[in-house]
Amino acid sequence: MSVNKITRRFSSSQSYKLVICGGGTGGITMAHKLASKVGSDIAIIEPRDKHFYQPYFTLVGAGIKKYENSYRDIGKYIPSGVAHISDEVSSIVPDKNHILLKSDKRINYDILIIALGCLTNYHQVEGLVEALQDHKNVCSNYSPLYVRKTSHCIEHFKGGKALFTHPNTPIKCGGASQKIMYLAEDIWRRNNKRDLADIYFVTAGNAIFPVPRYAEALQKIASGRGINVAPKHNLKRVIGEKNIAIFDQTGDEPKEVEMEYSLLHVTPPMSAPNVIRENEQLCDASGYLNVNTETLQHAKYQNIFGIGDCLNILPSKTAAAIAGQCGILRRNVNSYLEGKQLTAKYDGYTSCPLVTGKNKGILAEFDKNGVPLETFPFPSQIKEKWYWYHLKATTMPPLSFKGNYYAPIILEPSS
């Protein structure tokens, strides 16, 4: 048995002081930050045996990085003494302080941290799953199942209309839907295929990006490269055998719009996991975990906290948001354990290194209201530079795998 991983054989019920639902970036980070305070009385519930660094998928899909480098054995990153329960959460019963697992076993907790991420709902777009499975020119970077197909689609593109979509729901990393588009355009330009490509960013949003400062910069980049931006178009159906994508166009005169394609990259609609959105005690009207957006404590249950993509902080669904949240959550959970008032406050910080080509990008940093929170006074973060690209490609992945996230603008006390 590995020193770093304890797999416990337990009866129908097991109890822990702290239970963390989810072994992604948020869950593993919090296990590291709280292990010294809580000791060995911690469990992480996570059915997968691999920890994926999902921001890497942009580079995998572009053929720049290898898929095998996007994940690690999860057991290597769970702190020593923390139990790894390899099972799936079936339901959370907050009034009774327990969790029911898919195996019908029950886990009791004193404190619960929910870090379950969000779901990629490919099935909500009619015909999309079938097109991804059966047609070589339909791809998506948002799943380990499909990300390697993206690089094949880009490499073997022969010309025609290339569509890159963005849905009408909050998503993980709001800029990833267009990062792969810029990389594809760069690849085709380098390979003398650019004149063959008619590139469209087809988004359900009102603009290319929700924060005006960065929207203006990205629109200039897109226009300068001959990329078309089609706002207020939400993908609803894919007819793979005919290479047709059907969108609901919103606005003053809503209508259904058909677009033919030679390549289709889809960012699927997303939501909180079913165990959250189908539990009215846990979620708010958005379907996401109902926390105080500053303290990250649940709005109703004081012994429940949350981190990451499953929260009702809709713009802040990035690894950088976890960087901003983890120190706040550590301090507030410690305060709760000590019977003190929760004083640490999360300001909604999130960040998106927007790759705009190989070895170039811009850096978007902003709060939950879309107000820029930029770290570097110079040079301008909206100018394409090689170091914004490498922030994503080489700097952040090791921090994720080690659970050592810190937001650049937060100086966290050591105590």
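Treat the numbers as computed from the prediction; the structure is a model and nothing was measured. (Residues numbered from 1 in each chain as written. Predicted model: local features only at pLDDT ≥ 70, side-chain atom pairs only at ≥ 80, totals over all residues. Heavy atoms only, no water.)

Quick word on the overall build of the chain
The condition is simple: Going along the chain from the N terminus, every DSSP run of H or I of four or more residues is numbered as a helix, and every run of E of two or more is numbered as a strand. Only C-alpha atoms enter the radius of gyration; for comparison, a globular chain is expected to reach 2.2 Å times N to the power 0.38, where N is the number of residues. Each residue gets one of three labels from its accessible area relative to the maximum for its type: buried under 20%, exposed over 50%, partly exposed in between, using a 1.4 Å probe on protein chains only. Whether two residues are in contact is decided by their heavy atoms, any of which lying within 4.5 Å being enough. Just so you know, the count uses Lys and Arg for positive and Asp and Glu for negative, and it drops His and the chain ends. By convention, the point assigned to a charge is CZ for Arg, NZ for Lys, CD for Glu and CG for Asp.
Counting its regular elements, the chain contains nine helices and 21 strands. For the chain, whose C-alpha radius of gyration is 21 Å, the value lies close to the compact-globule estimate of 22 Å for 415 residues. With the C-alpha coordinates of the chain rotated into their principal frame, the extents come out at 60 × 50 × 45 Å. Counting all 415 residues of the chain, 55% fall into the buried class. The contacts in the chain between residues at least 6 apart in sequence include a share of 65% that link residues at least 24 apart. Taking the average location of the 49 positive side-chain charges in the chain and that of its 38 negative ones, the two points are 7 Å from each other.

Let's talk about helix H6 (residues 212-224)
Three- or four-residue spacings in an α-helix give side chains the same orientation, since the helix completes a turn every 3.6 residues. We apply this condition: Expected helix span is computed as 1.5 Å times (number of residues minus one). Taken from the helix axis, the directions to the C-beta atoms give the arc we talk about.
Over its 13 residues, H6 extends 18 Å from the first C-alpha to the last, a length consistent with the 18 Å expected when each residue adds 1.5 Å. All buried positions along H6 are accounted for by Tyr214, Ala215, Ala217, Leu218, Ile221 and Ala222. All buried residues of H6 lie within an arc of 165 degrees about the axis, which places them on one face of the element. For H6, the exposed residues lying more than 90 degrees away from the buried face are Pro212, Lys220 and Gly224.

Looking at the packing of helix H1 (residues 25-38) against helix H8 (residues 319-337)
The test is simple: For every element, the axis is a line fit to its C-alpha atoms; helices are fit only across the contacting stretch, and the angle between N-to-C directions ranges from 0 to 180 degrees. The hand of a helix crossing depends on one turn: near helix anticlockwise from the far one by less than a right angle means left-handed, and clockwise means right-handed. Here the nonpolar group is Ala, Val, Leu, Ile, Met, Phe, Trp, Tyr, Cys and Pro; Asp, Glu, Lys and Arg are the charged ones; every other residue, Gly included, is treated as polar.
Running from amino to carboxyl end, H1 crosses H8 at an angle of 35 degrees, the nearest separation of the two axes being 10 Å. Read as a crossing pair, H1 and H8 show a hand that is right-handed. Listed contacts from H8 to Thr25, Gly26, Thr29, Met30, Lys33, Leu34, Lys37 and Val38 of H1 are Ile322, Cys326, Leu329, Arg330, Val333, Asn334 and Leu337. Its residues assigned to classes, the contact of H1 with H8 shows eight nonpolar, four polar and three charged.

Concerning the packing of aromatic side chains
Let me state the cut-off plainly: Stacked, edge-to-face and tilted labels apply to pairs of Phe, Tyr and Trp rings (six-membered ring for Trp) whose centres lie within 6.5 Å, assigned for plane angles under 30 degrees, over 60, and everything in between, in that order. Working rule: Lys NZ or Arg CZ, within 6 Å of ring centre, within 35 degrees of ring normal, means a charge sits over the ring.
Throughout the structure, instances matching the rule amount to 14 aromatic pairs. Between Phe52 and Tyr67, the aromatic rings sit 6.2 Å apart at their centres with planes inclined by 45 degrees, giving tilted as the arrangement. Within this pair, whereas Phe52 is found in strand S3 (residues 50-52), its partner Tyr67 is found in the loop between helix H2 (57-61) and strand S4 (71-73), the two being separated by 15 residues in sequence. With respect to burial, Phe52 and Tyr67 carry one shared label: buried. Seen from their ring centres, Phe209 and Phe366 are 6.0 Å apart, and the 85 degrees between their planes marks the pair as edge-to-face. Placement of the pair is Phe209 in the loop between strand S12 (197-203) and H6 and Phe366 in strand S21 (residues 360-366), with a sequence separation of 157 residues. Look at Phe209 and you get buried, because its relative accessible area is 4%. Three or more aromatic residues link up through ring pairs in this structure, and these residues are Phe52, Phe57, Tyr67 and Tyr71. The ring of Tyr71 has Lys50 lying over it, and the distance from NZ or CZ to the ring centre is 5.4 Å.

Some details on the environment of Gly175
Locating Gly175 in the fold gives a position in the loop between strand S11 (160-166) and helix H5 (176-190). Once the C-alpha coordinates of Gly175 and Pro353 are considered, the two residues, 178 residues apart in sequence, prove to be 8.2 Å apart. Non-local contacts of Gly175, meaning those with residues more than four positions away in its chain, are made with Phe209, Cys352 and Leu354.

Focus: helix H4 (residues 147-155)
Buried within H4 are the following residues: Val147, Lys149, Thr150, Cys153 and Ile154. In a view along the axis of H4, the buried residues occupy a sector of 140 degrees, so they form one face of it. For H4, the elements touching its buried residues are H2, helix H3 (128-134), strand S10 (138-139), H5 and strand S17 (263-265).

Some remarks on the confidence of the model for the chain
Should pLDDT be low for a region, the predicted coordinates there are not to be read in detail. This is how the line gets drawn: For every residue, the pLDDT score states the predictor's confidence, bounded by 0 at the bottom and 100 at the top.
With 92% of its residues at a pLDDT of 70 or more, the chain shows a mean pLDDT of 91. Segment residues 1-11: pLDDT under 50, and 26 contacts once partners within four positions in sequence are set aside and those in other chains are kept. This stretch, residues 401-415, has a pLDDT under 50; its non-local contacts, to residues over four places away or in other chains, come to 44 contacts.

Focus: unusual backbone geometry
Of note, the phi angle at Asn97 is positive, near 55 degrees, even though the residue is not glycine. Asn97 sits in the partly exposed class, given a relative accessible area of 29%. We note that Asp104 has phi near 75 degrees; this positive angle belongs to a residue other than glycine. With respect to the secondary-structure elements, Asp104 resides in the loop between strand S7 (98-101) and strand S8 (106-114). By relative accessible area, which is 68% here, Asp104 ends up exposed.

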